[in-house]
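Letter by letter, the chains look like this.
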Amino acid sequence: MAASTVIKRNLGRFISSRLFRITTSTPTPRPLYCHRWLSTSATPVPSTGRKYYSTDNVKNEKEDKVNQEPEHPNTSDKWSESEPGDDRKAEEEEEEYEHGIKQRVLNASLNHVLTLGWSKDALQAGARDEGLSDAAHGIFQKGGVEIVNHFYKKCNADLVEYMKQEVERQKAEGQEKPKIRPFIQNAVETRLKMIIPYQSIWKEAMAIQALPQNAPDSWKNLMNVCDDIWYFAGDRSTDFNWYTKRSSLAACYKATEIYMLQDSSPDYQDSWIFLDNRLNNLETLGKATRALEPFEGLIKGLFEMGRNAFGMNSRKR
């Protein structure tokens, strides 16, 4: 019993002395091969090429990352700076650029319609003239009718400028308002003369316009030119007369346009006589329509339905 007690006491002293030595002595830094080695050394292991660091360094690095401010602290705010208005502006600029390209190609295509017709071939030739690829005609999804509509709108715009100058000229001469009948006849004649350079192929253009898928745009272009003529002639009506005047003038315009295609008289004099007679009928028709005033609501409703069907539900003025 006494011997075992002595052995235990000596073994306890030995273990205590060893523990005291470990805690008081400074260990020699050594390479770290595993995270279980607790040391401040961060010496990498040269044999494997991998870097092993002590858990103290890993802990310190994590704390530094937590305390470090991010490079872009307001990333969410930065994205929020892009407002819908900016996207809309970018889309508008893109549409404006594409519209400019289309106008250039269409204007150039008019130089080729006499030989190539109102076709995609003319669009391709116009694209080449503008230094673009032949594939540029692909932006015209409707094909050759877009050349026809472009020419029609271009002539309408030219007529508006002409009528503005004419009104200003007459005002300078002391006329407060132009005389309606001569002004309308002169305007229709001026507008029809614009198609003379393309008269040989205008039948083809009219046939393209008459196709069901193209009829809405064609009708809209026709009604726009009639509305412009009546407006600069001084008409400001907003009642039943607004519809009858424009539809009657449209019928007169189209009849003279068709007559021109077969007119071989010098300077189309027969066409202008035909136009004068149609305008006389227009005046007679204007008097006859007064008898329809009791049905004004019904007729106006039919016109409004037609305007909506053909995409003309908004007036320019």
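Model, not experiment: these values are computed from the prediction. (Residues numbered from 1 in each chain as written. Predicted model: local features only at pLDDT ≥ 70, side-chain atom pairs only at ≥ 80, totals over all residues. Heavy atoms only, no water.)

Engineer: Would you mind going over a negative patch on the surface in detail, with residue names and values included?
Structural biologist: A contiguous patch of negative charge, built from Asp86, Asp87, Glu91, Glu92, Glu93, Glu94, Glu95, Glu96 and Glu98, is present on the exposed surface. Summarising the element assignment, Asp87 is placed in helix α4 (residues 84-109). (Patch = residues over 30% accessible without salt bridge, like charges linked within 9 Å, V, L, I, M, F, W, Y side chains within 5 Å. Areas by Shrake-Rupley, 256 points an atom, 1.4 Å probe, with all protein chains shown as cover. Salt bridge = Lys/Arg side-chain N within 4 Å of Asp/Glu carboxyl O. Lys, Arg positive; Asp, Glu negative; His and termini not counted. Charge placed at Lys NZ, Arg CZ, Asp CG, Glu CD. Helix = DSSP H or I, 4+ residues; strand = E, 2+ residues; numbered from the N terminus.)

Engineer: Before we move on, can you summarise the packing of aromatic side chains with the specific residues and values?
Structural biologist: Within the structure shown, the criterion is met by eight aromatic pairs. Look at Trp118 and Trp202: their rings are 5.9 Å apart centre to centre, the planes differ by 75 degrees, and that puts the pair in the edge-to-face class. With a gap of 84 residues between them, Trp118 in the loop between α5 (113-116) and α6 (120-129) and Trp202 in helix α9 (residues 199-209) connect regions that are remote in the sequence. Relative to Trp202, the ring of Phe151 has its centre 5.6 Å away and its plane inclined at 65 degrees; by these criteria the two rings are edge-to-face. Residue Phe151 is located in helix α7 (residues 145-172), and its partner Trp202 is located in helix α9; the two are separated by 51 residues in the primary sequence. Take Phe151: its relative accessible area is 5%, and that puts it in the buried class. Note on Trp202: relative accessible area 0%, which makes it buried. Each residue in the set Trp118, Phe151, Tyr198 and Trp202 is aromatic and connected to the rest through ring pairs, giving one cluster. The lysine or arginine in question, Arg191, covers the ring of Tyr152, its NZ or CZ lying 4.6 Å from the ring centre. (Phe/Tyr/Trp six-rings, centres within 6.5 Å; stacked < 30°, edge-to-face > 60°. Buried < 20%, exposed > 50% of the residue type's maximum accessible area, 1.4 Å probe, protein only. Lys NZ or Arg CZ within 6 Å of the ring centre and 35° of its normal.)

Engineer: Quick one: what's the story with the pattern of salt bridges, residue by residue and with numbers?
Structural biologist: Enumeration over the complete set of coordinates arrives at twelve salt bridges. Asp158 is paired through a salt bridge with Lys154; the nearest N and O atoms lie 3.7 Å apart. Linking Asp158 with Lys154, this pair stays in helix α7, spanning four residues, or about one helical turn. Its relative accessible area of 37% is what places Asp158 among the partly exposed residues. The salt bridge involving Asp276 is made with Arg181; its shortest N-O contact spans 2.6 Å. Residue Asp276 is located in helix α12 (residues 269-289), and its partner Arg181 is located in helix α8 (residues 180-193); the two are separated by 95 residues in the primary sequence. Judged by its relative accessible area of 26%, Asp276 is partly exposed. Several salt bridges converge on common partners, so that one network encompasses Asp227, Asp235, Lys245 and Arg246.

Engineer: Could you give an account of the packing of α7 against α8, with specific residues and numbers?
Structural biologist: Where α7 meets α8, the axes come as close as 10 Å, and the angle between the chain directions of the two elements is 145 degrees. The way α7 lies across α8 gives a crossing that is right-handed. Facing Tyr152, Cys155, Asn156, Leu159, Tyr162, Met163, Glu166, Val167 and Gln170 of α7, the residues of α8 in contact are Phe183, Asn186, Ala187, Thr190 and Arg191. Here the contact of α7 with α8 is built from residues that sort into eight nonpolar, four polar and two charged. (Axes fitted to C-alpha atoms, helices over the stretch in contact; angles between N-to-C directions. Left-handed = near helix turned anticlockwise from the far one by under 90°. Contact = heavy atoms within 4.5 Å. Nonpolar A, V, L, I, M, F, W, Y, C, P; charged D, E, K, R; others polar.)

Engineer: Explain the confidence of the model for the chain to me, and be specific about the residues and the numbers.
Structural biologist: Averaged over every residue, the pLDDT of the chain is 76; residues scoring 70 or more account for 62%. Per-element averaging of pLDDT across the chain places helix α3 (residues 75-80) at the bottom with 47 and α5 at the top with 96. This stretch, residues 22-26, has a pLDDT under 50; its non-local contacts, to residues over four places away or in other chains, come to zero contacts. Below a pLDDT of 50 lies the segment residues 75-80, which in the model reaches zero contacts outside its immediate sequence neighbourhood of four places, other chains included. (pLDDT = per-residue confidence, 0-100.)

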